[in-house]
Structures are given as C-alpha cells and as structure tokens.
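# Understanding the architecture of this molecule
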Amino acid sequence: MHPYRTHTCGDLRRTDADKQVKLSGWVHRKRDHGGVIFVDLRDHYGITQIVVNPDSPFFKEVETLRNESVITFTGQVVLRTQDTINPNMVTGEIEVVAQDFLLESSVEESLPFTVNQELDCPEETRLSYRFLDLRRERMHKNILLRSKTTALVRQHLCDRGFIEYHTPILTSSSPEGARDYLVPSRLYPGQFYALPQAPQQFKQLLMVSGFDKYFQIAPCFRDEDSRADRSPGEFYQIDMEMSFITQDDLFVELEGLMVRIFRELSSKHIVAETFPRIAFRDAMEWYGTDKPDIRYEMKMVDCTDIFTDCELKVFSSQAQSGGVVKVINAKGAADRPRKFFDEMERYARSEGAKGLAWVALRDGDMKGPIVKFMSDAEKKALCERVGAVEGDALFFGAGKRQETNELMGKVRQALARQLDLVDRNVVAFCWIVDFPMFERNPDTGQIEFSHNPFSMPQGGMEALQTMDPLDILAYQYDIVCNGIELSSGAIRNHRPDIMLKAFDIAGYSESVVKSKFPALWKAFHYGAPPHGGIAPGLDRIIMLLADEPNIREIIAFPLNQRAQDLLMGAPNQVDLRQLEELHIDVVLPPENA
RNA sequence: GGAGACGUAGUUCAGUUGGUUAGAACGCCGGCCUGUCACGCCGGAGGUCGCGAGUUCAAGUCUCGUCGUCUCCGCCA
C-alpha cells in the first residue's frame, strides 16, 4: 500500500464501501464523544469523516491531536446508517473506520487564527501566516480560480492562433510612466537594469519581427503606492498584440475572450456580449468618468439651456457664463424620506460640491426647496428633457463643465448604491473609445500627449497637419467592466514620419524621440506592420470573478500595503560584500541613519 | 507626501455620563460523554485596554503626541 494515501479526502463514495483505504491530510475538526471520536480529515480535494473507536490503540493519541495536524489513517470504508448520512458533504454517505494511525506532523503552537471557519482576522496576521491562510476554503478557492483563469486564457488564445512569448525581466529603464524597480549592474558600475513596467516595446518589436499574434501572461513591475485594486510592486496582464488589424478586429477578439472567461468561470450574467462603445467625451458628459459602471443607466442630462433665465441664480449664472447644469433622474426615488435627500446633498458636499439641488415628482406636483424658483415652462422642458414622470426624483449640479460632470458622476454612483441599482450578479462591459490625442496642461498651458504617445492619431498625418491638436482623436481605447478599468490599448503608430509630427506637436524634437525610444524608432525604419493591442489586468479580472474587494485576496503571496512581504521578510538588508560587488554605497535618509 | 477610520484575551467583539475586581463567544488546558458533523456538559488558565504624556480624587472611556493596520487623495505614460 502507498505510504500516504490510496485516495484523496474528496474521493470516496458509497460505491467504495468495504474497501481498505489510506487517507492523509489535516485535522480540519474533531468531535470527541469520549467513547468515539470523529475526525474531519481535510486535504486539497475535500473532507472525509474518520471514525476512531475506543478500543483503538491510538485512541488516546487522537484525542490530544490539535486542529491542523497532519495525519495518516488506514481503515475501512463503511456506509453510514440512514440517520447519520450528512447530505452537505460529497463524502457524506460514507466514513472510514480507523485501523491504523500515524502522526506525520504536529501543530506545536496554538493557531493564530481559525482555519476551519472564515472568521475575520487582521490582515497582517494572515500575511505573516499566509500558508495557514491559504488553507482556508475561500483563499484556496481563489487561488484555484486564478489557475483556471490563466489556463482558460492560454487555451482560448492558442486556439485563436495566438502564440505565447517570453520577454525580458531585466531590461532598460523607461523614461516615462511609473517609477521603475531598478537592478544594479555588477559588470557596469553605476548602471542599472529596470524591471519592465509592461512588455510594451517588446511586443511591438515582436510584431515588427513578423510574428503576427502575440500574447503573454506578463508580469509587470511598477514602484507605485498600492490601492485596494492595485498591488504594490508587481501584477499580471493578459498582454496581447496583433498585426494588420483595425480597432474593430481587436474589439471582436477581446470580446470573445472576456465573454468566455466570465461565462465559464462565473455565474454572472453578461449584459451584452458585444460591448457598447462610448466615446470618451460622451462618457464624461453622461457619467462624469472614463470608467462608467453601466450596470445601471441614470445618465446625467445637460439642461443648461433650459435654465438660462431661471430665477435660481445658481443655475442661470452658470448657464450664462459658460458653465453647465446637469441633471440626474433617479427613477422612483420621489417617495424617499427627506433624510435620503439630505444625505445625498451631504455626500455631494463632502466631494466638493457647493450643494445638491433636488426636486421630487410627488402627488402630481413638483416638490422641493428650489421648485418655487422655476417657471412652468422650465418645469415642463426639464421633465421632457430628462424623461421625468410621477414618482421620479431629479438631482441638479451646476458649475464648470468638467468639475460638474465629475461631481455628478460621483453622485450618480452614490445614488445607484443607495437605490440598490448595483447588481453583483451582472457584468457590464463597455469600450471607451476616441480618446483625445492631446490635451492642454492646465498649469503650463502646454499641449501634451493625453495617453500613449505611440497611439495612431485618427486621420493619420493629414489630421496632424490640418486639425486643431486638441480636436484630434486617437485610436486609443479602454475596456471597462462594472466601473473598473481593466485595460488600455491602442492601434499603434508604426510610421516614423507621423510619430515625428505627433511628438513635434507635443513639443519634442526628433533627437528626443530617437534617444527616448531607440528600439522602436530603429525598428520602424525596417518595415513595420500596422499593429495594435491591449493588456487587460489579470488580477482585476480575477477579483471580479471571485467577487473579492481586495486584490490581495486573489494573490497567493502578496506584498502588504507598504510593499513588504511579512512572511519572507522582504525587503531586507544585504551583505556589505554584495553591495561592494554592485558598486553601491547606501546613503540613508536622516531619520533612518 | 496628505486625509479618514480603526487599535480591549490567541481570534472576533461588548464595555453606559469618567466610578468597585475589564466581560462574552470561539480557540487553548483539565474533566465527563459511543453517532457527531460549528457535537454537548462542567471547570480552569489567559489582559501593561497599541505606546507615551496630560486633565482628574479616579481614564479602556476625555485631550495631545506617537506607532501600527486598512481605505482614499497624490502617484499609476
């Protein structure tokens, strides 16, 4: 017989009755009746109940076992009597009567938290004992889901003709973007490698190398502060790039991948399998953000022109001075108590609003503090414009266009939460398209790239030569799911002449382009195919699949918020000899010296 | 770098207006228990109330500082 097991703890069924078996695993839970002990034995695959009878020579030893000890039982599978069957367990129709027992590994200390229940405990403790934390059902499931996701992505993309490549981890520091992680060079004193923030230039070079369809589940390293949905240090992208494609081709390809992931790995309903496309400017006007949650509608509506001559100066003065009046129709919210409206206003103020006007359509009339300042014509036009009917409540924001859009966008989200419009069992994707190529820096007045300088401007060279730079759009797009930005992507600019012109508009000379991006600049002079791509964040996709609010819950060994690994003790100090080899002198800041 | 919330037993939490010896559940230790499956019953141990000052006759409770954790802003082409 195998020294550890003949079956796993999730294997045995009634058809295995009378078999002689051996099982190994952890003590999940123990029920000691004095005369008989039940041990729930757990491994990766499941839980099986072991029965230890009082005449067993190892009865005393089992009695003193602590939870999470690792043990091996040999015994016979027996059918449970009808009244002792546990319908909640897949192995609940049988149990194993122990005949032999071996303690493989005992638990020496009391556990820092319970493994057999999902009770809250400090994250610091969980990360310090991550190997225990990962035994818990929820974490175990999350890590399995991660594996299933990467396996499905690989299978799907390979089936679609994509090829997976490896790109360097030690590369050169990039001049723009996030802060790099640097690796000192031993051979070249004073010089450094950088860990890639993304394999952006390599995947483009692979396209120039003629490979056509690239993907990689790519580690990316950025030395930036963390967020709930942003791991410090490192994260993974499903990095993709294709040659000879249009934006539409890429959208179809990615929609297929996303729909397959969510269909096969979650039970959530996908609202639309062809994702709606929303122009960046429309997104800002309708939702006040470039990552709208479109699980609910509640677009804001521009009503500026209605209130040009309104008695309410807050509205008319904005309407006359280039500002806007934006209105959100909260369907069916009119009968909410006064407290609801007061709290919405308080929220708006906390986000920087000067106030939040509202009206409620109740009892065949319009109610609210500002109603007396509105003429009948204004009321009528307002209701028509926003489609308001009896029972609806309207919320108003007035001010400068961009500020008001962003503010009312937050109000929209808060309203959706309050009115319970957010369905957790739904995924709503959308594309945000037509990002502007350039924008004016409000501080310096300079024209700058608004996103990736390597995106192809819509209209190509002609647009750059003839249009107002601020009106030029780029083939630059984001994919957004439930209000979370999963990725940016672009059809790239593969033409050196167009690139030079674009950089010229942003105030950069030819020498800057050459020196900042030498690889691509050189490559694009030797026959570069039109190409484009995208790189959805793997971690965020898994968060959505697992319904986890924090990215650390879907990573086996994450850094904490302050970028430390509490289990391994990283970062740590190194030997002086190592520093000398690397020609590194450490100069500590005064407070640490 | 900035802001907010939180910090009481191994863990999750309660702790009144500042007032006697800081409680409960789970876990741990000991005892009882032959059909449980979150087994049950009895008993016990376990606390510098994050740390340091201050106010007060009296501080877990109020004030200030500090440290830690999480969340957000900045940052993330």
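Notes on the structure in this doc start here. Throughout, a residue's number is its position along its own chain's written sequence, starting from 1. Lettering of chains starts at A and numbering of ligands starts at 1, both following the order in which they are written. It should be noted that, the model being predicted, local features are given only for residues of pLDDT at least 70 and side-chain atom pairs only at 80 or more, the latter also being counted only at that level, while totals for whole chains, interfaces and linings use all residues. Processing note: side-chain calculations cover all non-hydrogen atoms of the structure and skip hydrogens and water entirely.

Buried residues dominate strand E3 (residues 46–52), accounting for 6 of its 7 residues. Pairing of strand E2 (residues 37–43) with E3 involves 7 bridges; the strand directions are antiparallel. Bridge pairing links Phe38 to Val51 in E3. Turn length for the E2-E3 hairpin, with the two strands adjacent in sequence and antiparallel, is 2 residues. Paired strands, as defined in this entry, are two strands with at least two bridges between them according to DSSP. Only DSSP runs of H or I reaching four residues or more are called helices, and only runs of E reaching two or more are called strands; each is numbered from the N terminus. Both E3 and strand E5 (residues 94–105) contribute to a ladder of 2 bridges, which runs parallel. Opposite Ile50, over in E5, you have Val96 as the bridge partner. Exposure categories follow from relative accessible area, calculated using a 1.4 Å probe and restricted to protein chains: below 20% of the type maximum is buried, above 50% is exposed, and the middle band is partly exposed.

Running from N to C, helix H7 (residues 280–287) and helix H11 (residues 401–418) point in directions that differ by 65 degrees, and their axes come no closer than 7 Å. Counting all contacts with H7, which are made through Met284, Glu285, Trp286 and Tyr287, the residues of H11 involved are Arg401, Asn405, Glu406, Gly409 and Arg412. Amino acid classes used here: Ala, Val, Leu, Ile, Met, Phe, Trp, Tyr, Cys and Pro are nonpolar; Asp, Glu, Lys and Arg are charged; the rest, including Gly, are polar. Residues that form the contact of H7 with H11 fall into these classes: 3 nonpolar, 2 polar and 4 charged. Lines are fitted to the C-alpha atoms to define the axes, a helix being fitted only along its stretch in contact, and any angle between axes, read from their N-to-C directions, falls within 0 to 180 degrees. Residue contacts are defined here by distance: any two heavy atoms, one from each residue, within 4.5 Å place the two residues in contact.

Our focus in this paragraph is the protein's contact with RNA strand B. Neighbouring residues are identified by heavy atoms, a residue being near a molecule or strand if any of them is within 4 Å of it. Taken together, 42 residues lie near RNA strand B, and Arg29, Asp32, Thr84, Glu224 and Asn550 sit nearest. Each atom of RNA strand B within 4 Å of the protein belongs either to a base or to sugar and phosphate, the latter forming 54%. N or O atoms closer than or at 3.5 Å make up a polar contact, with two conditions inside protein: a donor-capable atom paired with an acceptor-capable one, and, for residues adjacent in sequence, both atoms drawn from side chains. Here Asp225 contributes a side-chain N or O atom positioned 2.6 Å from a base nitrogen of RNA strand B. The contact in question runs from a phosphate oxygen of RNA strand B to an N or O atom on the backbone of Ala228, over 3.0 Å.

The next point concerns the sheet that holds E2. Ordered in space as E1-E2-E3-E5-E4, the 5 strands form a closed barrel in which the pairing is mixed. Strand-to-strand twist across the sheet, computed as the mean angle between neighbouring axes with direction ignored, equals 55 degrees. Pairing analysis gives 6 bridges linking strand E1 (residues 20–32) to E2, with the strands arranged antiparallel. Within E2, the residue paired with Val27 across the bridge is Leu41.

Take the packing of helix H4 (residues 137–159) against helix H16 (residues 538–546) next. H16 packs onto H4 with a crossing angle of 120 degrees between their chain directions and a minimal axis gap of 10 Å. Looking at the two axes, H4 sits oblique to H16. For the pair H4 and H16, the crossing hand works out as right-handed. Judged by residue contacts, Asn142, Leu145, Arg146, Thr149 and Thr150 of H4 engage Leu538, Asp539, Ile542, Leu545 and Ala546 from H16. Grouping the constituent residues of the contact of H4 with H16 by class yields 5 nonpolar, 3 polar and 2 charged. Orientation labels follow simple angle bins: below 35 degrees gives roughly parallel, above 145 gives roughly antiparallel, 65 to 115 gives roughly perpendicular, and whatever is left gives oblique. Handedness of each helix crossing follows the sense of rotation of the near helix against the far helix: counterclockwise by less than a right angle gives left-handed, clockwise gives right-handed.

In this model, Ala570 is joined to Pro571 through a cis peptide bond whose omega is -5 degrees. Here Pro571 shows up in the loop between H16 and helix H17 (576–581). Here Asp18, not a glycine, exhibits a phi torsion of approximately 75 degrees, which is positive. By the secondary structure assignment, Asp18 is in the segment before E1. In this model, Ala563 sits at a positive phi of 60 degrees, which is unusual for a non-glycine residue. The topology assignment puts Ala563 in the loop between H16 and H17. On the basis of relative accessible area, Ala563 is assigned to the partly exposed category, the value being 29%.

With that settled, the discussion passes to the packing of aromatic side chains. Each aromatic ring pair is characterised by the separation of its centres together with the angle its planes make. Only centres within 6.5 Å qualify two rings of Phe, Tyr or Trp (six-membered ring in Trp) as a pair; their planes then separate them into stacked at under 30 degrees, edge-to-face at over 60, and tilted for everything else. All chains considered together, the criterion is met by 26 aromatic pairs. Measuring from centroid to centroid gives 5.4 Å for Phe262 and Phe429, while their planes differ by 80 degrees, and the two rings are edge-to-face. With Phe262 in helix H6 (residues 247–265) and Phe429 in strand E19 (residues 429–433), the pair connects residues that are 167 residues apart, well separated along the chain. For Phe262, a relative accessible area of 0% puts it in the buried group. Phe429 sits in the buried class, given a relative accessible area of 2%. When the centroid spacing of 4.9 Å and the interplanar angle of 65 degrees are considered together, the rings of Phe449 and Phe503 count as edge-to-face. With a gap of 54 residues between them, Phe449 in strand E21 (residues 447–449) and Phe503 in helix H13 (residues 496–505) connect regions that are remote in the sequence. Assessed through its relative accessible area of 13%, Phe449 is described here as buried. On the basis of relative accessible area, Phe503 is assigned to the buried category, the value being 1%. Aromatic ring contacts, followed pair by pair, group Phe251, Phe262, Phe275, Phe429, Trp431 and Tyr477 into a single cluster.

Glancing now at the nonpolar core. Side-chain atoms within 4.5 Å are what join buried Ala, Val, Leu, Ile, Met, Phe, Trp, Tyr and Cys residues into a set we call a nonpolar core. Met240, Ile261, Phe262, Phe429, Trp431, Phe438 and Ile479 are the most contacted members of the largest nonpolar core, which has 64 residues in total. Of all the elements, H6 adds the most residues to this core, at 9 residues. When residues no more than four places from it in sequence are discounted, the contact partners of Ile479 are Leu254, Met258, Phe275, Phe429, Cys430, Trp431, Ile484, Glu485, Leu486, Ser487 and Ile534. Of all hydrophobic cores here, the second largest spans 23 residues; its members include Ala330, Ala360, Ala393 and Leu419.

A few words on the environment of Ile447. Summarising the element assignment, Ile447 is placed in strand E21. Assessed through its relative accessible area of 18%, Ile447 is described here as buried. Contacts of Ile447, omitting those with residues within four sequence positions, involve Phe438, Glu439, Arg440, Pro469, Ile505 and Ala506.

Right, let's talk about the side chain of Lys203 for a bit. Of note, Lys203 is situated in helix H5 (residues 200–208). Looking at Lys203, its side chain comes within polar contact range of the side chain of Asp239, at 2.7 Å. A distance of 3.5 Å separates a polar atom in the side chain of Lys203 from the backbone oxygen of Ile534.

Here we come to the sheet that holds strand E12 (residues 277–279). Strand order in the open sheet formed by 8 strands is E6-E9-E10-E24-E23-E22-E19-E12, and the pairing between neighbours is mixed. The outermost strands of the open sheet, each flanked by one partner alone, are strand E6 (163–164) and E12. Summarising the sheet, strand E10 (residues 233–243) and strand E24 (residues 531–534) pair through 4 bridges and their orientation is antiparallel. Its bridge partner being in E24, Met242 is matched across the sheet by Gly532. Sitting on the sheet, H4 is in contact with E6, strand E9 (213–222) and E10, with an inclination near 145 degrees to E9. Sheet contacts for H6: E9, E10, E12, E19, strand E22 (476–481), strand E23 (484–491) and E24; angle to E19, the most-contacted strand, approximately 155 degrees.

What follows concerns the environment of Gly397. Mapped onto the fold, Gly397 is located in strand E17 (residues 393–399). Look at Gly397 and you get buried, because its relative accessible area is 8%. When the C-alpha atoms of Gly397 and Leu407 are compared, they prove to be 7.8 Å apart, with 10 residues separating the residues in sequence. In this structure, Gly397 is in contact with Val324, Val325, Lys326, Thr404 and Met408, ignoring residues within four places of it in sequence.

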